[in-house]
Amino acid sequence: MKLENKTIVLTGGSSGVGLDLLRALGASNAIINLSRRAPPEDAVHLSPRSTHIATNLADAESVHRAIEAITHSCPDGVDGLINCAAVQFLPKFTDTDFDPSSIATEIAINLTSPAQLIHGLLGHLRMPPESFILNVNSGLGLVPKAESAVYCATKGGLDNLSRGLRAQLNDTNIRVQQAFLPLVDTPMTTGHGSGKLSPQEVARQIIRGIERGTPDNDIGKARLLRVINRLSPSIANAIMQKGDS
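In this text, all values refer to a predicted model and were calculated from it rather than measured experimentally.

### Some remarks on the packing of helix α4 (residues 102-125) against helix α5 (residues 149-168)
Here α4 crosses α5 at 15 degrees, and the two axes come no closer than 9 Å. One finds that α4 runs roughly parallel with respect to α5. Taken as a pair, α4 and α5 cross one another with a handedness that is right-handed. Seen from α4, the contacting residues are Ile-103, Glu-106, Ile-107, Asn-110, Leu-111, Pro-114, Ala-115 and Ile-118; seen from α5, they are Val-150, Tyr-151, Thr-154, Gly-157, Leu-158, Leu-161 and Leu-165. Of the residues contributing to the contact of α4 with α5, the split by class is eleven nonpolar, three polar and one charged.

Here it is as structure tokens:
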């Protein structure tokens, strides 16, 4: 699938990898961005056919309203859904500053809202001759680390959700794909790790994977992590606990 003249729903297009996806795709596609904050003005100018629906992905009602708005404004369907938005809260359960109310928020944004959007837009994704669902995942969905246990759980759950949906939609026009990211230089990873890929490069590789129809697109060090985990899970686990991912 060549990503030109498509209608694509994107979450998290106001910052990080999502913003660079918006910039890269917006020049030749109609992007419907779902996030609490609108994308910056420079991205809007580069994406003349893009629209923004203010959406709190942690709130089921807000997600439902966004789905209704999309289905009403796109009578001919949508060609793709990119679930990119995610949050990561770093304190451990054992830390005194751990906020238990963050658990529901992290699960809602990282796992529940992608499932809601997929279900709510499924009818519209079935309208074009071919369409795709791309769930942006992480190497932490393959091998967890000590910090961010809830984040790791949501990414592992997103992997299982994607593979289950892939089987459910195998005989339809909809491809279910994933992109597994390494450490990316975004606001979420400020002060953590080294050897990060730029969000621009990650966005480029995500788009290439969508166009090639790659089911599980392992980007950067995520590719090596999968191989190590297959050969020696204990070594992969040791690497992740050191933060070398």
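### Observations regarding the nonpolar core
Counting residues in each nonpolar core, the largest one holds 25 residues, and the members touching the most others are Leu-21, Ile-82, Leu-181 and Ile-206. Every element with two or more residues in this core is listed here: β1 (7-11), α1 (16-26), β5 (131-138), β6 (174-181) and α6 (199-212). Those residues in contact with Leu-21 that lie beyond four places of it in its chain are Leu-10, Gly-26, Ile-82, Cys-84, Ala-203, Ile-206 and Ile-207. The next biggest cluster of nonpolar side chains, apart from the first, holds 23 residues, and it includes Leu-34, Leu-125, Leu-165 and Val-176.

### Side note on the packing of aromatic side chains
One pass over the structure, following the stated rule, counts one aromatic pair. Ring plane angle 35 degrees and centroid distance 4.7 Å describe the contact between Phe-93 and Phe-98, whose orientation is recorded as tilted. For Phe-98, a relative accessible area of 17% translates into the label buried. Lying across the ring of Phe-180, Arg-226 places its NZ or CZ 4.7 Å from the centre.

### A closer look at the pairing of β5
For β5, a buried count of eight out of eight residues is recorded, marking the element as mostly surrounded by other parts of the structure. Of the two faces of β5, the one carrying Ser-131, Ile-133, Asn-135 and Asn-137 and the one carrying Phe-132, Leu-134, Val-136 and Ser-138 are both buried. Note that strand β4 (residues 80-83) and β5 share four bridges and pair parallel. Bridge pairing links Ile-82 to Leu-134 in β5. Here β5 pairs with β6 via eight bridges, running parallel. Along β6, the bridge assignment pairs Leu-134 with Gln-177. This β-α-β element, β5 to α5 to β6, shows right-handed connectivity.

### Let's talk about the environment of Asn-173
If you trace the backbone, Asn-173 turns up in the loop between α5 and β6. For Asn-173, a relative accessible area of 18% puts it in the buried group. A sequence separation of 43 residues divides Asn-173 from Glu-130, and the C-alpha atoms of the two residues are 4.8 Å apart. If we skip the residues at most four places from it in the chain, Asn-173 touches Leu-125, Arg-126, Met-127, Pro-128, Pro-129, Glu-130 and Ser-131.

### Focus on unusual backbone geometry
One non-glycine residue, Asn-5, lies in the positive phi region at around 55 degrees. Residue Asn-5 is classed as exposed on the basis of its relative accessible area, which comes to 61%. Unlike most non-glycine residues, Ser-148 shows phi in positive territory, near 60 degrees. You can see Ser-148 is positioned in the loop between β5 and α5. Taking the relative accessible area as the measure of exposure, Ser-148 reaches 2% and is therefore buried.

### Details of the packing of helix α3 (residues 60-73) against α4
Taken N-terminus to C-terminus, the directions of α3 and α4 make an angle of 20 degrees; their axes are 10 Å apart at the nearest point. It follows that α3 is roughly parallel to α4 by the angle criterion. For the pair α3 and α4, the sense of crossing is right-handed. Facing Ala-60, Val-63, Ile-67, Ile-70 and Thr-71 of α3, the residues of α4 in contact are Ser-113, Gln-116, Leu-117, Gly-120, Leu-121 and His-124. Residues that form the contact of α3 with α4 fall into these classes: six nonpolar, five polar and no charged.

### Some thoughts on a nonpolar patch on the surface
Taken together, the side chains of Leu-224, Val-227 and Leu-231 define a hydrophobic patch exposed on the protein surface, amounting to about 310 Å² of accessible area. Here Leu-231 lies in helix α7 (residues 221-231). Judged by relative accessible area, Leu-231 falls into the exposed class, the value being 71%.

Quick notes on the rules
Residues numbered from 1 in each chain as written. Predicted model: local features only at pLDDT ≥ 70, side-chain atom pairs only at ≥ 80, totals over all residues. Heavy atoms only, no water. Axes fitted to C-alpha atoms, helices over the stretch in contact; angles between N-to-C directions. Helix = DSSP H or I, 4+ residues; strand = E, 2+ residues; numbered from the N terminus. Parallel < 35°, antiparallel > 145°, perpendicular 65-115°, else oblique. Left-handed = near helix turned anticlockwise from the far one by under 90°. Contact = heavy atoms within 4.5 Å. Nonpolar A, V, L, I, M, F, W, Y, C, P; charged D, E, K, R; others polar. Core = buried A, V, L, I, M, F, W, Y, C linked by side-chain atoms within 4.5 Å. Buried < 20%, exposed > 50% of the residue type's maximum accessible area, 1.4 Å probe, protein only. Phe/Tyr/Trp six-rings, centres within 6.5 Å; stacked < 30°, edge-to-face > 60°. Lys NZ or Arg CZ within 6 Å of the ring centre and 35° of its normal. Pairing = 2+ DSSP bridges. Right-handed = clockwise from strand over helix to strand, strands pointing away. Patch = residues over 30% accessible without salt bridge, like charges linked within 9 Å, V, L, I, M, F, W, Y side chains within 5 Å. Areas by Shrake-Rupley, 256 points an atom, 1.4 Å probe, with all protein chains shown as cover. Salt bridge = Lys/Arg side-chain N within 4 Å of Asp/Glu carboxyl O.

All we've got here are geometric facts, nothing functional implied.
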